[in-house]
Structure formats: C-alpha cells, structure tokens
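Structural overview for review
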Amino acid sequence: MNEVARLVVWVRGGVQGVGFRWFTRAKALEIGGLSGFALNLDDGRVQVVAEGSRAECQSLLDWLQGDDTPGRVDGVTEIWDTPRGIYEGFAIR
C-alpha cells in the first residue's frame, strides 16, 4: 500500500468558521508525508486535496469521516486520482 495517490475530498456541513482547515492541516502534518491544501468553498464546503502514499491519504480520509473533526460534518465525497506532484507541504488556502 505504498502506492502514491491523490485524494480530493469535499466536506459538507458546519465546517467553515470553526478552524476546520487549520485542524485538517495539523492532521495532515501529524500523519506525515502528505502535501496539498484545505480550501473554503463559496458554497460552505471545504475542499481538501492530499497527495502521498495511499495509506497516508486513507488515514486523512478516515479522520475527515470520523467524529474528531471540528464543526459538524454532514457528508464527505472523495475522488482518488493520479498525483500531480505540484504541492510543497500542506497549505491552508
């Protein structure tokens, strides 16, 4: 499971204005090996893009789908893709 992957996630619910992007970045850094970003969207969702090993990306997805996130997560939609390798670190946008 060392395959390199790109994970794109859209998180719905009460996830803006609660530090969601900051905590997502902190979790990505804790997992280690991930690059990408967390971004507030105009429709109230947060988009998360992460690249790294499939296992590291899955760990972040498990956290996003769990009960330990700030705010209220009503739903998570994810897409797995081929990594682009264009990110340095994990940013808040």
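- The name an unreviewed UniProt entry assigns to the protein chain is acylphosphatase, from the organism Streptomyces lutosisoli.
- Word for word, the UniProt comment on the protein chain under Sequence similarities (unreviewed entry) is "Belongs to the acylphosphatase family."
- The UniProt entry for the protein chain carries the following comment under Catalytic activity (unreviewed entry): "an acyl phosphate + H2O = a carboxylate + phosphate + H(+)".

**Description of the overall build of the protein chain**
- For the protein chain, the count of helices and strands is 2 helices and 5 strands.
- Reading the secondary structure of the protein chain in the N-to-C direction produces β-α-β-β-α-β-β.
- Here the C-alpha radius of gyration of the protein chain, 12 Å, is about what a compact globule of 93 residues would show, namely 12 Å.
- Taken along the three principal axes of its C-alpha coordinates, the protein chain extends 35 × 25 × 20 Å.
- Counting every position in the protein chain, which comprises 93 residues, the buried fraction comes to 40%.
- For the protein chain, the proportion of contacts with a sequence separation of at least 24, taken over those separated by at least 6, is 77%.
- For the protein chain, the exposed area adds up to about 5,000 Å²; of that, 45% sits on carbon and sulfur atoms.
- Placing the 10 positive and 13 negative side-chain charges of the protein chain at their respective mean positions leaves the two points 5 Å apart.

About the cut-offs
Residues numbered from 1 in each chain as written. Predicted model: local features only at pLDDT ≥ 70, side-chain atom pairs only at ≥ 80, totals over all residues. Heavy atoms only, no water. UniProt positions renumbered as here; feature names shortened; annotations may be inferred. Helix = DSSP H or I, 4+ residues; strand = E, 2+ residues; numbered from the N terminus. Rg over C-alpha atoms; globule rule 2.2 N^0.38 Å. Buried < 20%, exposed > 50% of the residue type's maximum accessible area, 1.4 Å probe, protein only. Contact = heavy atoms within 4.5 Å. Areas by Shrake-Rupley, 256 points an atom, 1.4 Å probe, with all protein chains shown as cover. Lys, Arg positive; Asp, Glu negative; His and termini not counted. Charge placed at Lys NZ, Arg CZ, Asp CG, Glu CD.

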